[in-house]
Amino acid sequence: YQVAGSGPEQVWKLLTHQRLKADATSYYNFRPVLIPTLMAICTWIYALARLGGPETDRLRPLWLVGRHSLGVYLLHLILIAITVVATGENRALNEPWLATTGFVVILGICYAYAFAKERRSGSRKAAAAAE
């Protein structure tokens with residue numbers, strides 16, 4: 001890839017035909033054995049939550065992002081893209097404390113989004129039932 005500083009700086013250099021620096025980028029790919037392992041873990045989590053019955057109903061807020069998974073998925077990609085564009089680096093949060101903080105902030109924003117969607121759909125259902 002050809003890159004330069006932050007996102008706005010890169011756009012400016014592209015528009016003014018300035019020189020960009022070459023950058024080799026690597027991406028994480030799942031190992032083939034990891035995919036069935038992750039599927040099994042997800043299945044066990046779901047099975048344990050269902051087998052617990054009423055006792056696990058208190059865990060219901062944890063599944064909130066799953067009920068709005070497409071919106072949450074797109075939102076988290078947008079939030080990650082914002083950090084990448086703002087810093088101009090493919091790995092915007094290199095330090096461990098930055099990565100942890102970024103994870104917690106993005107997770108919090110995604111839960112807030114899912115909570116707002118849940119409340120809005122709940123109020124629509126209540127209004128429809130009242131009619």
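What counts and what doesn't
Counting restarts for each chain, with residues numbered from 1 along the sequence as it is written. The predicted origin of the model limits local features to residues at a pLDDT of at least 70 and limits the giving and counting of side-chain atom pairs to 80 or more, whereas totals for whole chains, interfaces and linings rest on all residues. To get the side-chain values, all heavy atoms of the structure are used, and hydrogens and water are removed first. Labels follow the DSSP assignment, with helices taken as runs of H or I lasting at least four residues and strands as runs of E lasting at least two, numbered in each case from the N terminus. With the radius of gyration taken over C-alpha atoms, the globule rule is written as 2.2 Å times the number of residues to the power 0.38. Exposed residues in this analysis have more than 50% of their type's maximum accessible area, buried residues have under 20%, and partly exposed residues fall in between, with area computed by a 1.4 Å probe over protein chains only. Note on contacts: a residue pair qualifies if any of its non-hydrogen atoms lie within 4.5 Å across the two residues. In short, Shrake-Rupley with a 1.4 Å probe defines the accessible areas, and a residue's cover is counted only from the protein chains shown. Charged-residue counts in this description rest on Lys and Arg as positive and Asp and Glu as negative, His and the chain ends being excluded. Here the site of a charge means NZ on Lys, CZ on Arg, CG on Asp, or CD on Glu. Salt bridge, as used here, is a side-chain nitrogen of Lys or Arg placed within 4 Å of a carboxyl oxygen of Asp or Glu. The span one expects for a helix is its residue count, reduced by one, times 1.5 Å. As a per-residue measure, pLDDT tells how confident the predictor is, with possible values from 0 to 100. Counting rule for disulfides: a pair of cysteine sulfur atoms within 2.5 Å.

### Re the overall build of the protein
Thinking step 1. Within the protein one finds five helices and two strands.
Thinking step 2. What you see in the protein, going N to C, is helices and strands ordered as β-α-β-α-α-α-α.
Thinking step 3. Over its C-alpha trace the protein gives a radius of gyration of 21 Å, far above what one expects of a compact globule, namely 14 Å for 131 residues.
Thinking step 4. Along the longest, intermediate and shortest principal axes, the C-alpha atoms of the protein span 60 × 45 × 25 Å.
Thinking step 5. Here the protein holds 131 residues, and 15% of them are scored as buried.
Thinking step 6. Sequence separation of at least 24 residues holds for 56% of the intrachain contacts in the protein that already meet a minimum separation of 6.
Thinking step 7. Surface accessibility of the protein: about 10,600 Å² in total, with carbon and sulfur atoms responsible for 67%.
Thinking step 8. A gap of 4 Å separates the mean positions of the 14 positive and 8 negative side-chain charges of the protein.

### A few points about the environment of Ile80
Thinking step 1. Position of Ile80 relative to the elements: it lies in helix α4 (residues 69–87).
Thinking step 2. Relative accessible area serves as the criterion here: at 36%, Ile80 is assigned to the partly exposed category.

### Let's talk about the pattern of salt bridges
Thinking step 1. Per the stated rule, a full pass over the model turns up two salt bridges.
Thinking step 2. A salt bridge links Glu118 to Arg67; the nearest nitrogen and oxygen atoms lie 3.5 Å apart. Placement of the pair is Glu118 in helix α5 (residues 96–130) and Arg67 in helix α3 (residues 64–67), with a sequence separation of 51 residues.

### Details of unusual backbone geometry
Thinking step 1. Of note, the phi angle at His17 is positive, near 55°, even though the residue is not glycine.
Thinking step 2. Considering the arrangement of structural elements, one finds His17 in the loop between α1 (7–15) and β2 (21–22).
Thinking step 3. The class of His17 is exposed, set by a relative accessible area of 74%.

### Quick word on α4
Thinking step 1. Under the 1.5 Å per step criterion, the end-to-end length of α4 is 27 Å for 19 residues, consistent within 8% with the ideal 27 Å.
Thinking step 2. Remark: Gly88 follows α4 within two positions and exhibits a positive phi of approximately 80°.

### Section: the confidence of the model for the protein
Thinking step 1. When pLDDT is averaged along the protein, the result is 84; 94% of the residues meet or exceed 70.
Thinking step 2. Within the protein, the element-level pLDDT minimum falls on strand β1 (residues 2–3), averaging 70, and the maximum on α4, averaging 91.

### Here's the deal with the state of the cysteines
Thinking step 1. In total, this model carries zero disulfides according to the counting rule given.
Thinking step 2. Here Cys110 stays free of any disulfide, with the sulfur of Cys42 as its closest cysteine sulfur at 17 Å.
Thinking step 3. Its relative accessible area of 3% is what places Cys110 among the buried residues.

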